Amino acid sequence: MLKFDKFKIVSDLKNIKIYDENRFNKIIKNNIVTELIFNISNPYSLCIKLDYVANELVIEFSGKILKDDYPKLISTDTIDTCFENINAMGFCWIDLEEIKNANVVKCDVTKDIICSDIPSMTTYIRNNLSNYQKYICRLLRNGNFIIEKNVTTRQAKKRLTIYDKGKEMSKVENLRYMAECGIAKESFDGICRFELNLNSITQIKSSLEVVDTRLRTVLNATTNPIQVFMNDVLSDEQPLPMTNAKSYFVGLVLKDCNFDIAQVESRMRQLYCSKGTNISKVMKPYRTMLSQLRQENAGFRTRLLEQLA
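Please read these numbers as outputs of a predicted model, since none were measured by experiment.

**Side note on the side chain of T34**
Here T34 is to be found in strand 4 (residues 32-40). A relative accessible area of 10% means that T34 is categorised as buried. With near-sequence residues (within four places) excluded, T34 lies in contact with I27, K29, L50, D51, Y52 and V53.

**Re the environment of D232**
You can see D232 is positioned in helix 7 (residues 225-233). When its relative accessible area of 32% is taken as the criterion, D232 is described as partly exposed. Each C-alpha atom of the pair D232 and S130 lies 6.9 Å from the other, and the pair is 102 residues apart in sequence. Setting aside anything within four residues of it in sequence, one finds D232 in contact with S130, K134 and Y135.

**A few points about the sheet that holds strand 6 (residues 56-62)**
The ten strands are arranged 3-4-5-6-1-8-12-11-10-9 in an open sheet whose pairing can be described as antiparallel. Each of the sheet's edge strands pairs with one partner strand only, and the pair in question is strand 3 (25-29) and strand 9 (135-139). Neighbour-to-neighbour, the strand axes of the sheet open up by a mean angle of 15°, direction not taken into account. Where strand 9 meets strand 10 (residues 145-149), five bridges bridge the pair, whose relative direction is antiparallel. Looking at strand 10, one finds that I136 is bridged to E148. Sheet strands touched by helix 5 (residues 201-208): strand 8 (103-114) and strand 12 (191-198). Its angle to strand 8, the strand with the most contacts, is close to 45°.

**Thoughts on helix 4 (residues 172-181)**
Within the sequence span of helix 4, burial applies to N174, Y177, M178 and C181. Along helix 4, the residues classed as buried sweep out an arc of 95° about the axis, all on the same side. Of the residues in helix 4, the exposed ones pointing more than 90 degrees away from the buried face are V172, A179 and E180. The inward-facing, buried residues of helix 4 abut helix 3 (165-169). Phi turns positive one or two residues past the end of helix 4, at G182, with a value near 75°.

Thresholds, definitions, all that
- Residues numbered from 1 in each chain as written.
- Predicted model: local features only at pLDDT ≥ 70, side-chain atom pairs only at ≥ 80, totals over all residues.
- Heavy atoms only, no water.
- Helix = DSSP H or I, 4+ residues; strand = E, 2+ residues; numbered from the N terminus.
- Buried < 20%, exposed > 50% of the residue type's maximum accessible area, 1.4 Å probe, protein only.
- Contact = heavy atoms within 4.5 Å.
- Pairing = 2+ DSSP bridges.
- Axes fitted to C-alpha atoms, helices over the stretch in contact; angles between N-to-C directions.
- Arc of directions from axis to C-beta.

Remember, this is a structural readout, not a statement about activity or role.
Below you can see the structure in the form of structure tokens.
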């Protein structure tokens with residue numbers, strides 16, 4: 001089941017009723033109200049815009065609107081709670097069933113995993129990209145690790161953010177939010193969050209493999225876009241340990257021979273062609289490093305992708 005931390009949806013004005021216009025900012029043109037906008041960023045992000053010219057209802061909200069259910073994130077199981085909590089604010093009413101036919105224009109697909117050493121994990125990812133021209137990594141000052149596709153068009157752009165959710169939730173404003181919502185302080189301890197930003201309908205369709213972007217369709221998508229993205233991002237080649245000059249040389253030979261021990265032995269026999277050469281002794285460091293590389297790389301990559309499943 002997919003989970004999300006943010007949605008921006010576009011629906012029809014008939015799916016909302018306004019009880020208190022004074023809670024909205026009014027946009028007036030030629031003495032006519034063209035838009036009503038409600039916008040807050042604390043304790044959670046919520047923007048509701050009624051566009052009377054385009055006859056559109058635009059709602060953008062983050063997972064914190066779930067309040068005590070926030071650790072569960074937004075999914076098919078919790079989507080009703082999001083709109084129920086909006087309705088409970090008392091100034092408007094949203095039709096819970098009809099709003100699920102709204103079109104999703106932006107969303108953040110989210111996955112939380114347990115990780116005790118996030119810096120080591122992000123270092124591994126940075127050092128093992130499958131294609132350094134296709135993907136760009138950045139470590140922000142706040143500790144967030146960003147992986148982006150190196151493209152020029154907005155429709156093709158993808159960005160994955162990896163960060164320490166426990167650290168983020170330890171900020172004063174977030175501790176206050178959790179206390180008000182009855183969320184235990186330790187709920188996010190040891191949690192590493194992966195957030196894939198899908199900022200266009202084209203991205204949403206291709207990443208989730210859906211035929212339309214209605215909210216109910218997106219919530220019920222079966223493709224795991226974060227796992228697919230990371231599977232493409234991470235190289236399945238073995239990283240080269242460089243503890244000294246000899247190990248560096250051994251690693252370069254392995255890479256040049258496509259990590260094929262038969263090719264390595266063929267090369268070594270060409271180089272060490274003198275009588276009496278113990279080829280088994282010559283090959284020992286290559287066999288040892290290859291075995292180590294396969295165990296370490298396969299283990300880390302496999303474990304990470306399994307956690308993202």
